[in-house]
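# Structural characterization, general
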Amino acid sequence: MKKLTVLWLSALLLLAGCSGTSGNNENQNSVSTPETTATINVYTRDSSSGTREAFEKAGDFEGALTAKAIEVSSNGDMATKVGTDENGIGYVSLSTDFAANNVTPLNFEGVEPSEATVLDGSYKMQRPFSFVTRASGDFDSEEKEQLVAAFLDFLQNSTEGMLVVEKAGGVVDKTQGTPWEELAKNHPICSQDNSTITLATAGSTSVEKTLKAALEAFQPLAGNFQFTMNQTGSGDGYKRVMGSEKDGANKADIGFASREFKAEEEDVTQAMASGVYCIDAVVTIVNAANTAVTNLTQAQVKSIFTGEITNWADVQ
Amino acid sequence: METSLRHQRNAEKLKRKMRIDKAFKYLFFLAALLSGSCILLIVLFILIKGIQPFLPGYRYGQMDLLQFLFGTMWRQDQAVYGVGYIVINTLISAFGALLLSFPISVLTALFIAKIAPRKLSAMLSTVVELLASIPSVVYGVFAAGMIVKLVKWLASLWGISTAGGSSLLAVILLLAIMIFPTITSMAVTAIQAVDHELELGSLALGATKTQTNFKVVLKSAKSGIFAGAILGLGRAFGEATAVSMVAGNKLFGPTFDLFDITRTLTSTMLAGLKETTGLDYDIRFSVGIVLMAVILVSNLILNAVKEKVGNHG
């Protein structure tokens with residue numbers, strides 16, 4: 001008797017299990033989107049990532065990310081993981097190959113992410129990489145000042161410089177580029193041996209990748225000068241070339257910030273040069289099978305990534 | 001004709017030979033000293049770096065040691081660092097892998113050493129050796145591409161939604177595959193070292209081959225097999241690259257659900273290491289100390305168990 005009951009119970013359990021899964025499959029086939037009632041799997045980069053910093057700032061939830069988030073190790077890892085998880089949502093840099101990773105980029109506040117919308121400023125999930133130099137005449141030597149000017153010209157205006165920055169993940173307007181060969185004529189300093197000069201940079205850590213690529217590309221074009229990068233955070237960018245630490249042990253020739261310089265505290269009008277050399281754009285992505293969501297507002301991004309909304313059905 | 005070699009003994013030559021001998025002795029000693037001091041240096045360096053965040057006057061603000069050791073949340077963005085749950089997760093995944101891999105490894109070793117025909121046995125040993133030499137990153141790619149899909153499918157059978165397959169189960173499966181060659185090759189050596197007379201005695205007493213293999217061979221090789229298990233566990237504890245590709249790196253814990261994401265000590269140390277500075281960098285050395293302590297303690301316990309089961313019974 002006992003045995004029979006156990007047998008019967010296990011048979012029932014098996015049946016229930018089978019019907020449960022087949023039900024799921026039907027659901028998936030008929031709606032063609034993953035079950036809209038599914039929970040959202042939030043993916044994030046580790047906290048030292050510049051992309052995460054930019055994304056959390058754009059979504060206005062710095063430090064408030066849901067504890068349920070799944071941490072991935074790189075931009076590519078993020079794309080792969082979201083590409084295999086129908087219920088996943090994450091964020092990558094604009095230069096990512098979306099189709100190859102089986103993910104769909106989402107519009108932000110109704111604007112599609114693309115190079116054009118980033119450059120004209122309508123796509124808001126972006127931040128500028130700004131630079132500022134020491135004041136004219138405040139450099140260690142005349143040669144150094146000329147070299148800094150040449151480098152910034154290369155970084156901002158040359159086709160070669162733009163390509164290098166773009167390859168490292170920055171968004172630039174390549175139509176504005178001029179071949180370095182032409183620009184070099186304005187910088188006679190580049191034709192002499194500069195191996196005794198060391199350029200020092202400071203400021204934002206997020207610019208490190210693009211800046212390092214540009215400096216390394218420029219080295220052989222400008223007499224093999226040396227450089228040291230001491231990137232500690234956007235706050236130090238202005239401070240160490242124009243502000244309180246400009247003559248301290250950590251002084252630098254060019255300071256960087258992954259934001260605009262603040263007009264009240266960081267007065268860049270006295271600098272030899274300042275500006276924006278590229279734009280960093282972040283894109284929210286979902287799995288390609290998830291066709292229910294195509295656009296997110298900032299409020300939606302915030303509530304999804306802080307864990308307020310945990311179900312895809314509530315995103316509409 | 002010479003009857004004695006004595007007169008050929010050249011005192012000068014002998015002295016030189018002795019000198020060379022002595023020189024080599026010192027050379028060997030130097031080599032041993034060098035490799036020994038490496039361990040000492042590494043341990044010292046990690047200890048010094050890792051203890052710093054808990055000392056008063058630490059430049060990024062002193063950390064609370066108890067909160068670090070028993071915390072159940074790891075969030076760099078909120079400066080909350082607790083490894084308590086990560087230690088538990090690491091133990092679960094490593095011992096889970098051992099549990100899964102150990103019986104398969106021992107049976108495989110038995111097959112290779114005792115049952116398989118000579119040619120097949122040689123081939124299988126080569127396969128196991130090859131498995132052992134595959135770099136962990138390759139295992140990681142395999143796990144991220146295949147094991148997670150398997151886990152995802154398994155979970156869907158139960159109607160559970162996973163994070164694309166990244167889960168504790170995926171970590172356990174991956175580690176089980178990775179430590180399999182370590183345990184197997186150690187077990188093969190141990191089984192091959194068993195005295196053949198013992199087996200013959202068992203067979204002569206009327207025991208079948210299977211009975212002999214399980215009750216005599218395995219029992220005599222127990223100590224060596226156990227050593228293999230300890231080595232395998234060490235590899236499971238220490239694996240970072242492959243694990244972090246499928247663990248999902250949960251921010252809080254501990255994780256007991258097989259289909260939930262997890263976080264291990266090594267993946268914690270690795271995540272974003274190259275891009276970080278300050279406290280977030282230094283604290284990884286503290287995690288390193290915890291990892292070394294965990295490995296040391298579990299090795300000591302296992303060694304004690306080995307002594308107990310290895311010598312008697």
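Scroll up for the structure.
Residues numbered from 1 in each chain as written. Chains lettered and ligands numbered in written order. Predicted model: local features only at pLDDT ≥ 70, side-chain atom pairs only at ≥ 80, totals over all residues. Heavy atoms only, no water.

### Some thoughts on the overall build of chain B
Helix and strand counts for chain B come out as 12 helices and 2 strands. Reading the secondary structure of chain B in the N-to-C direction produces α-α-β-β-α-α-α-α-α-α-α-α-α-α. Whereas a compact globule of 313 residues would reach a radius of gyration of roughly 20 Å, chain B reaches 26 Å, over 25% beyond that. Dimensions along the principal axes, computed over C-alpha positions, put chain B at roughly 90 × 60 × 35 Å. Considering chain B as a whole, with its 313 residues, one finds that 41% of them fall into the buried category. Nonlocal contacts in chain B, meaning residues at least 24 apart in sequence, comprise 73% of its contacts between residues at least 6 apart. Accessible surface computed for chain B: about 17,600 Å², of which carbon and sulfur atoms make up 70%. (Helix = DSSP H or I, 4+ residues; strand = E, 2+ residues; numbered from the N terminus. Rg over C-alpha atoms; globule rule 2.2 N^0.38 Å. Buried < 20%, exposed > 50% of the residue type's maximum accessible area, 1.4 Å probe, protein only. Contact = heavy atoms within 4.5 Å. Areas by Shrake-Rupley, 256 points an atom, 1.4 Å probe, with all protein chains shown as cover.)

### Overview of the packing of aromatic side chains
Scanning the model with the defined rule gives 20 aromatic pairs over all chains in all. For the ring pair A:Phe256 and A:Tyr277, a centre distance of 5.7 Å and an interplane angle of 85° mean the geometry is edge-to-face. Linking A:Phe256 in strand β9 (residues 254–257) with A:Tyr277 in strand β10 (residues 274–287), this pair joins segments that are 21 residues apart in sequence. Side by side, A:Phe256 and A:Tyr277 carry an identical accessibility label, which is buried. Relative to B:Phe28, the ring of B:Phe24 has its centre 6.1 Å away and its plane inclined at 50°; by these criteria the two rings are tilted. Of the two residues, B:Phe24 and B:Phe28 both sit in helix α1 (residues 11–51), 4 residues apart, roughly one turn of that helix. Three or more aromatic residues joined by ring pairs form one cluster here, namely A:Phe151, A:Phe154, A:Trp180, A:Phe218 and A:Phe225. (Phe/Tyr/Trp six-rings, centres within 6.5 Å; stacked < 30°, edge-to-face > 60°.)

### Comments concerning the interface of chain A and chain B
Residue-level contacts link 27 residues of chain A with 27 residues of chain B. Carbon and sulfur atoms supply 43% of the area that chain A and chain B bury against each other, a total of about 1,900 Å² over both sides. The largest per-residue losses of area from chain A upon contact with chain B belong to A:Ser48, A:Ala67 and A:Glu71, which jointly make up 27% of the total buried on that side. Between chain A and chain B we count 2 salt bridges in total. Put simply, A:Glu86 and B:Lys152 hold a salt bridge, and the shortest N to O gap is 3.1 Å. Summed over the shared surface of chain A and chain B, the result is 8 residue pairs in polar contact (both at pLDDT 80 or more). When contributions to the side of chain A that touches chain B are tallied by element, the ones reaching two or more residues are α1 (2–31), β1 (41–45), α2 (50–58), β2 (70–72) and α3 (75–84) of chain A. (Buried area = accessible area lost by both parts, 1.4 Å probe. Salt bridge = Lys/Arg side-chain N within 4 Å of Asp/Glu carboxyl O. Polar contact = N/O pair within 3.5 Å; in protein donor to acceptor, adjacent residues only side chain to side chain.)

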